[in-house]
Amino acid sequence: MTSNPPPDFLDPSLPTLNIGHPAIMNVRGEEVVIPEGLLEKALQELETLEEVSLSDLPSRETGLERLRQIFSIVDRVGDGVSSGMSCHSGCASCCRVIVATTRGESELLRERVRTHPESDKVRWGEGILQRNALLEALSRTRNPPADLGRLEGLIDICEPYEKENQACPFLGPDRMCQVYADRPLLCRICWVLTDPKDCEPGEGPPVKFRTAVFHRAHEMVGKISQHHFLDDRVSPIPYWFREDQGT
Ligand code: SF4
Ligand code: SF4
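None of these values were measured; they are calculated from a predicted model. Here the residue index of a chain counts from 1 through its sequence in written order. In the order they appear in the text, chains get letters beginning with A and ligands get numbers beginning with 1. Reporting in this predicted model follows two pLDDT cut-offs: at least 70 for local features of residues, and 80 or more for side-chain atom pairs to be given and counted; totals over whole chains, interfaces and linings ignore these cut-offs and use all residues.

*Asks:* Explanation requested: the overall build of the protein in the structure shown.
*Replies:* Segments assigned H or I by DSSP are reported as helices when at least four residues long, segments assigned E as strands when at least two residues long, and all are numbered from the N terminus. Tallying secondary structure elements over the protein gives seven helices and five strands in all. Of the regular secondary structure in the protein, the N- to C-terminal order runs β-α-α-β-α-α-α-α-β-β-α-β. Exposed residues have 12 or fewer other C-beta atoms within 10 Å of their own C-beta, buried residues have 20 or more, and partly exposed residues fall in between, where C-beta atoms are placed from the backbone. Here the protein holds 247 residues, and 35% of them are scored as buried.

*Asks:* Would you mind showing me how to read unusual backbone geometry here?
*Replies:* With the exception of glycine, the majority of residues adopt a negative phi angle, and the majority of peptide bonds are in the trans configuration. Between Asn-143 and the following residue, Pro-144, the backbone shows a cis peptide bond with an omega angle of 0°. Structurally, the position occupied by Pro-144 is in the loop between α4 (121-139) and α5 (151-163). The backbone of Asn-165 sits at a positive phi, close to 55°, despite the residue not being glycine. On the secondary structure map, Asn-165 appears in the loop between α5 and α6 (185-188).

*Asks:* Can you help me understand the environment of Ile-189 in this one?
*Replies:* Among the structural elements, Ile-189 can be located in the loop between α6 and β3 (191-192). In this description, any two residues whose backbone-derived C-beta atoms lie within 7 Å of each other are considered to be in contact. Contacts of Ile-189, omitting those with residues within four sequence positions, involve Val-74 and Phe-214.

*Asks:* For this particular structure, what's the right way to read the site of ligand 1?
*Replies:* Proximity of a residue to a molecule or strand is defined by its backbone-placed C-beta atom lying within 6 Å of that partner. Around ligand 1, the structure places Ser-86, Cys-87, Cys-91, Ser-93, Cys-94, Cys-190, Val-192, Pro-196, Cys-199 and Pro-206. Gly falls in the polar group here, along with every residue not listed as nonpolar (Ala, Val, Leu, Ile, Met, Phe, Trp, Tyr, Cys, Pro) or charged (Asp, Glu, Lys, Arg). Grouping the amino acids of the shell around ligand 1 by side-chain chemistry returns eight nonpolar, two polar and no charged.

*Asks:* Would you mind going over the environment of Ser-59 with me for this structure?
*Replies:* On the secondary structure map, Ser-59 appears in the loop between α1 (38-55) and α2 (60-81). Residue classification places Ser-59 among the partly exposed positions, given that 13 C-beta atoms sit within 10 Å. Separated by 171 residues in sequence, Ser-59 and Leu-230 place their C-alpha atoms 9.6 Å apart.

*Asks:* Looking at this model, I keep getting lost on the environment of Val-207. Mind explaining?
*Replies:* Locating Val-207 in the fold gives a position in the loop between β3 and β4 (208-210). It is 5.8 Å that separates the C-alpha atoms of Val-207 and Val-192, two residues lying 15 residues apart in sequence.

Here it is in structure tokens:
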């Protein structure tokens, strides 16, 4: 484990709207209403969970459980605001960008892959191989090569990657996420207020709904990966699977 600071998952280049903004309007011109107490309760739960998580003895199983608990809190916030957002089932342009994930999140996905029906795994393995070849080729266009284990390296190549219009290997032919229950945090908190078209490669950028809950969850996921998985890297989803292409 290195002594680098916790990863900063927040992309400052994205336009964001926060709670407290005088009017959070969606693409339909409606004001987005946040259920009373939803955010406060979630923040309080995250705070309690953080205290417990960091005093746990480091363990992969405990780390996975803590991540699931964070995701459950975040998903409750997502469910509470989803009716005001543009995101909907089968709307998957956001699955064509680099999703920065921690080791812990990749281990959740690995568990999922392990127990998933074999029928999808050949296609997943091919997609992983192909996306990793692209990531490495793009990395080599930089001098020095972009570090695919650091957020700075991912930001460096995110634009050319997006132009290639390559979907996440876990996106199904029906445009549905095939690892939905175990998807990484960034896939859970991508709530968009503007036209879904803005999420397509070369369009936008979309205006995203962000809250302190999401920021806090980001920090905690990074800390849990360091504490329980002894790893402070962030990498694109397929890059974590480069050594076990037999998925
Ligand atoms: S983030 Fe954009 S592409 Fe993804 S589900 Fe929401 S509106 Fe659709
Ligand atoms: S894990 Fe699922 S939601 Fe996330 S990018 Fe991949 S297909 Fe999309």
